[in-house]
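Reading the structure
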Amino acid sequence: MQSTESQPRPLHVLVAGGGIGGLTLAQGLAKAGIAVTVFERDAHARDGDQGYRMVVNADGERALRDCLPSALVDLCERASIAPATLMTFLDTDLEPRFAKPLPRADSGYVLNRLTLREILLAGLGERVQFGRRVTGYDQVGDGRVRVQLADGLTVTGDLLVGADGTDSTVRGLAVPDAEFDLVGHLVRGRTVLHPELASWLPEILIDTVSRVLGPGGVSMSVATCRVRRVPGLTAVPDYLSWSISLHHDPGGAAPHWVARDVVGDWHPALRRIVAEADPAEVVSLPLRAARPVERWSVGNVTLLGDAVHTVPPGRGEGANVALRDAAVLRHRLIDATRGRIPLARAKVEYENEMLAYSFAAQTSIRTTKPYAPRSGA
Ligand SMILES: Cc1cc2nc3c(=O)[nH]c(=O)nc-3n(C[C@H](O)[C@H](O)[C@H](O)COP(=O)(O)OP(=O)(O)OC[C@H]3O[C@@H](n4cnc5c(N)ncnc54)[C@H](O)[C@@H]3O)c2cc1C
């Protein structure tokens with residue numbers, strides 16, 4: 001018997017944020033029979049910026065397999081976006097500079113974000129409470145944590161997990177000195193691939209993942225997303241997912257106009273792709289990279305995903321690391337409920353492991369990957 005062994009005990013885990021990491025954790029805990037309640041500030045699953053493609057890599061797929069029931073794992077594959085066949089680097093006249101075929105990957109897939117969120121919500125029922133924003137927490141006398149909500153109500157549980165994204169309220173309270181680097185700006189949108197658009201789209205932009213290299217380090221990526229229709233999930237039309245990386249802050253300018261301005265003298269097809277996007281779906285966001293943090297000492301409160309180790313989105317890493325966090329934390333909490341380790345130990349083991357791999361991934365992104373946003377820009 002290990003000296004860390006404790007009494008088996010039921011847990012009630014409270015999660016701030018029903019995004020990718022928080023919902024995956026909820027699935028993983030529900031699968032293990034651990035009580036969980038997720039508080040999500042959005043009123044509905046479709047709210048927020050859900051209209052982009054997400055690359056789920058081998059790590060992310062492994063975590064989904066671990067946390068989700070097998071029927072939902074199958075659904076991820078069935079609802080995935082048809083894989084692109086070619087990656088190209090182009091100049092602004094769409095002249096190819098470099099191209100490489102994309103072989104069918106052995107693992108991972110690409111999902112529309114809304115599709116993934118809907119799959120992650122399946123079966124969670126009342127465990128997820130929409131329209132409930134977490135505003136704070138406090139420790140209560142019996143070693144539990146009490147979560148405060150914007151509606152004035154409080155809920156008490158054994159552990160609070162801050163999975164509330166880059167602007168995390170929970171992190172702001174638990175690790176107030178956490179810092180980020182602003183490493184650029186992104187304007188992104190999507191343009192429905194209706195038959196008329198497909199009829200004039202240059203071949204090089206069809207079923208490819210393309211990066212257009214503009215002047216001054218500005219670049220635009222365009223990816224064809226043909227979402228497989230699955231009954232029960234919102235039908236997403238085929239679309240071109242595009243994003244423009246900027247090194248200046250577009251400020252308060254309307255994002256659609258910023259994008260149109262950047263591509264103003266680029267190839268007509270690129271101008272038209274941007275012009276035909278729904279302006280309401282074109283968004284501008286700062287690109288931030290978290291600086292490493294020390295493990296925090298707040299009892300009964302931990303963090304997961306972008307809330308602790310946000311990275312710029314273009315690398316396809318953020319959600320995958322959040323998925324991995326969910327799987328790692330799930331296992332430590334299973335250990336705690338089975339009496340193998342005390343809950344406090346489970347939290348420390350999770351945080352040590354998560355902080356090590358997440359910030360190692362961060363360093364690798366900042367130092368080795370091509371087309372990294374320039375720091376200090
Ligand atoms: C354009 C774009 C493309 C991307 N592509 C990829 C990709 O291909 N692969 C990849 O791995 N990653 C990608 N990412 C990054 C990925 O989306 C994030 O890293 C991932 O969503 C992080 O998951 P999370 O659960 O930590 O946070 P989120 O998914 O952001 O979820 C946080 C949730 O918390 C909620 N919330 C916030 N505050 C509160 C509060 N106070 N109370 C209650 N709820 C709250 C929010 O509404 C949200 O639902 C991309 C990001 C963008 C913007």
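Residues numbered from 1 in each chain as written. Predicted model: local features only at pLDDT ≥ 70, side-chain atom pairs only at ≥ 80, totals over all residues. Heavy atoms only, no water.

Quick look at the overall build of the chain now. Looking only at helices and strands, the chain has eleven helices and 17 strands in total. What you see for the chain is a C-alpha radius of gyration of 21 Å, in line with the 21 Å of a compact globule of 377 residues. For the chain, the C-alpha atoms occupy an extent of roughly 65 × 45 × 40 Å along the three principal directions. Looking at the chain as a whole, 52% of its 377 residues qualify as buried. In the form shown here, the chain has an accessible surface area of approximately 16,500 Å², with 51% of it arising from carbon and sulfur atoms. Of the charged side chains in the chain, 42 are positive and 43 negative; the average position of the first set lies 3 Å away from that of the second. (Helix = DSSP H or I, 4+ residues; strand = E, 2+ residues; numbered from the N terminus. Rg over C-alpha atoms; globule rule 2.2 N^0.38 Å. Buried < 20%, exposed > 50% of the residue type's maximum accessible area, 1.4 Å probe, protein only. Areas by Shrake-Rupley, 256 points an atom, 1.4 Å probe, with all protein chains shown as cover. Lys, Arg positive; Asp, Glu negative; His and termini not counted. Charge placed at Lys NZ, Arg CZ, Asp CG, Glu CD.)

Inspection of the sheet shows strand β4 (residues 86–90) paired to strand β5 (residues 96–101) by five bridges, in the antiparallel sense. Note on β5: the bridge partner recorded for Leu90 is Pro96. Linking two consecutive strands that pair antiparallel, namely β4 and β5, is a turn of five residues; a positive phi of about 65 degrees is found at Leu94 within it. (Pairing = 2+ DSSP bridges.)

As a further point, take the site of the ligand. Of all residues adjacent to the ligand, which total 34 residues, the nearest are Gly21, Glu40, Val55, Arg113 and Asp306. Between Ile20 and the ligand, the recorded distance is 3.2 Å, taken from a backbone N or O atom to an oxygen atom. For the ligand, a nitrogen atom lies 2.9 Å from a polar atom in the backbone of Val134. Going through the elements one at a time, α1 (20–31), β2 (35–40), β3 (53–56), α4 (113–121) and α10 (318–337) are the ones with two or more residues in the shell around the ligand. A per-element tally of the shell around the ligand places α10 first, with four residues. Looking at the shell around the ligand residue by residue, the class counts come to eleven nonpolar, eleven polar and twelve charged. (Near = heavy atom within 4 Å. Polar contact = N/O pair within 3.5 Å; in protein donor to acceptor, adjacent residues only side chain to side chain. Nonpolar A, V, L, I, M, F, W, Y, C, P; charged D, E, K, R; others polar.)

So, about the UniProt feature "domain: FAD-binding" (unreviewed entry) in the chain. Under the UniProt annotation, the feature "domain: FAD-binding" (unreviewed entry) is placed at residues 124–340. As annotated, residues 124–340 comprises 24% helix and 32% strand, and the C-alpha atoms at either end are separated by 27 Å. (UniProt positions renumbered as here; feature names shortened; annotations may be inferred.)

Enumeration over the complete set of coordinates arrives at one aromatic pair. Ring centres of Phe89 and Phe98 lie 5.8 Å apart, and the angle between their planes is 45 degrees; this geometry places the pair in the tilted category. Taking the relative accessible area as the measure of exposure, Phe89 reaches 13% and is therefore buried. Residue class for Phe98 comes out partly exposed when judged on its relative accessible area of 43%. Taking the ring centre of Tyr239 as reference, the NZ or CZ of Arg190 above it sits at 4.8 Å. When the ring centre of Trp257 is taken as reference, the NZ or CZ atom of Arg260 above it lies at 4.8 Å. (Phe/Tyr/Trp six-rings, centres within 6.5 Å; stacked < 30°, edge-to-face > 60°. Lys NZ or Arg CZ within 6 Å of the ring centre and 35° of its normal.)

Before going further, it helps to spend a moment on the packing of α1 against α4. Packing of α1 against α4 brings their axes to within 9 Å, and their N-to-C directions diverge by 25 degrees. Judged by the angle between their axes, α1 and α4 are roughly parallel. Between α1 and α4 lies a crossing of left-handed hand. When α1 is examined against α4, the residues Ile20, Leu23, Thr24 and Gln27 are found in contact with a partner set consisting of Arg113, Leu116, Arg117, Ile119, Leu120 and Leu121. Among the residues forming the contact of α1 with α4, the class breakdown is six nonpolar, two polar and two charged. (Axes fitted to C-alpha atoms, helices over the stretch in contact; angles between N-to-C directions. Parallel < 35°, antiparallel > 145°, perpendicular 65-115°, else oblique. Left-handed = near helix turned anticlockwise from the far one by under 90°. Contact = heavy atoms within 4.5 Å.)

All right, on to the sheet that holds strand β10 (residues 154–157) then. Taking strand neighbours across the sheet as the criterion, the three strands line up as β8-β9-β10 in an open arrangement whose pairing is antiparallel. Whereas interior strands pair on both sides, the edge strands pair on one side only; in this sheet they are β8 (134–140) and β10. Direction aside, the axes of adjacent strands within the sheet are offset by 25 degrees on average. Of the strand pairs in this sheet, β8 and strand β9 (residues 144–149) are connected by six bridges, and their pairing is antiparallel.

What follows covers helix α3 (residues 70–78). Since there are 3.6 residues in each turn of an α-helix, residues three or four apart along the chain are aligned in direction. Within α3 the residues assigned to the buried category are Leu72, Val73, Leu75 and Cys76. Angular distribution of buried residues about the axis of α3 spans 160 degrees; they occupy a single face of the element. In α3, those exposed residues whose orientation departs by more than 90 degrees from the buried face are Ser70 and Ala71. As for α3, its buried residues are in contact with α1, α2 (58–67), β6 (109–112) and α4. (Arc of directions from axis to C-beta.)

By the assigned domains, the chain splits into domain 1 (12–81 + 106–179 + 291–368) and domain 2 (182–287). Taken over C-alpha atoms, the centre of domain 1 sits 28 Å from the centre of domain 2. Listed per partner, the contact involves 18 residues of domain 1 and 19 residues of domain 2. Contact between domain 1 and domain 2 buries roughly 1,500 Å² in total, counting both sides, with carbon and sulfur atoms accounting for 59%. For domain 1, the biggest contributors to the area lost against domain 2 are Gly51, Arg53 and Ile81; these three give 30% of the whole. Where domain 1 packs against domain 2, one counts zero salt bridges. For the pair domain 1 and domain 2, the number of links is three residue pairs in polar contact (both at pLDDT 80 or more). Elements represented by at least two residues in the side of domain 1 that touches domain 2 include exactly α3 and α4. (Domains from an automatic or database assignment. Buried area = accessible area lost by both parts, 1.4 Å probe. Salt bridge = Lys/Arg side-chain N within 4 Å of Asp/Glu carboxyl O.)

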